Amino acid sequence: MNLKDAKTNLFRLIKVISVVLIASAIGLEIANIYGLITNSGMPSFLNPVFWIERFAVVIHLVEAIIAASYAGAIKQMPIKYGIYTFFVGTVGLLELLENLQRLDET
């Protein structure tokens with residue numbers, strides 16, 4: 001297995017894990033909001049988990065905004081690439097940078 005194959009496999013693994021974790025974070029936040037609305041609340045031991053998931057969602061949102069702003073340069077739909085980057089995270093930005101470099105070389 002060469003280095004390029006290892007990188008591709010690692011990126012695939014990170015993408016799958018990232019999508020699952022971000023979707024779980026969104027679900028957890030929805031459950032928390034539902035708990036607040038119905039006055040049933042969530043267990044207090046989950047508070048650190050909520051802070052971590054909120055931080056991750058904000059970071060992914062910033063990455064998505066950056067990717068959407070540069071997506072037009074590689075002839076991608078900004079909203080589509082922004083959503084993709086929101087779910088896969090930094091890997092989406094790295095792919096965007098690779099595509100931008102390839103475009104500059106040609």
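Right above here is the structure, for reference.
In this text, all values refer to a predicted model and were calculated from it rather than measured experimentally. (Residues numbered from 1 in each chain as written. Predicted model: local features only at pLDDT ≥ 70, side-chain atom pairs only at ≥ 80, totals over all residues. Heavy atoms only, no water.)

Trainee: Got a sec to walk through a nonpolar patch on the surface? Specific residues and values, please.
Mentor: A surface patch of nonpolar side chains, amounting to about 450 Å² of accessible area, comprises L10, L13, I14, I17 and L21. Structurally, L10 is set in helix 1 (residues 3-37). For L10, a relative accessible area of 45% gives the class partly exposed. (Patch = residues over 30% accessible without salt bridge, like charges linked within 9 Å, V, L, I, M, F, W, Y side chains within 5 Å. Areas by Shrake-Rupley, 256 points an atom, 1.4 Å probe, with all protein chains shown as cover. Salt bridge = Lys/Arg side-chain N within 4 Å of Asp/Glu carboxyl O. Helix = DSSP H or I, 4+ residues; strand = E, 2+ residues; numbered from the N terminus. Buried < 20%, exposed > 50% of the residue type's maximum accessible area, 1.4 Å probe, protein only.)

Trainee: An account of the environment of V20 is needed here, citing residue identities and associated values.
Mentor: Secondary-structure assignment places V20 in helix 1. By relative accessible area, V20 is classed as partly exposed at 48%. Distance from V20 to Y81, taken between C-alpha atoms, is 18 Å for residues 61 residues apart in sequence.

Trainee: Give me the lowdown on the packing of helix 1 against helix 2 (residues 47-71), citing residues and values where you can.
Mentor: Helix packing for two helices is described by the angle between their axes and how far apart those axes are. At a closest axis distance of 10 Å, the pairing of helix 1 and helix 2 adopts a crossing angle of 120°. With respect to helix 2, the element helix 1 is oriented oblique. At the point where helix 1 passes helix 2, the crossing takes the left-handed sense. Counted together, S18, I22, A25, L28, E29 and N32 of helix 1 and V49, F50, E53, R54, A56, V57 and H60 of helix 2 form the full contact between these two elements. (Axes fitted to C-alpha atoms, helices over the stretch in contact; angles between N-to-C directions. Parallel < 35°, antiparallel > 145°, perpendicular 65-115°, else oblique. Left-handed = near helix turned anticlockwise from the far one by under 90°. Contact = heavy atoms within 4.5 Å.)

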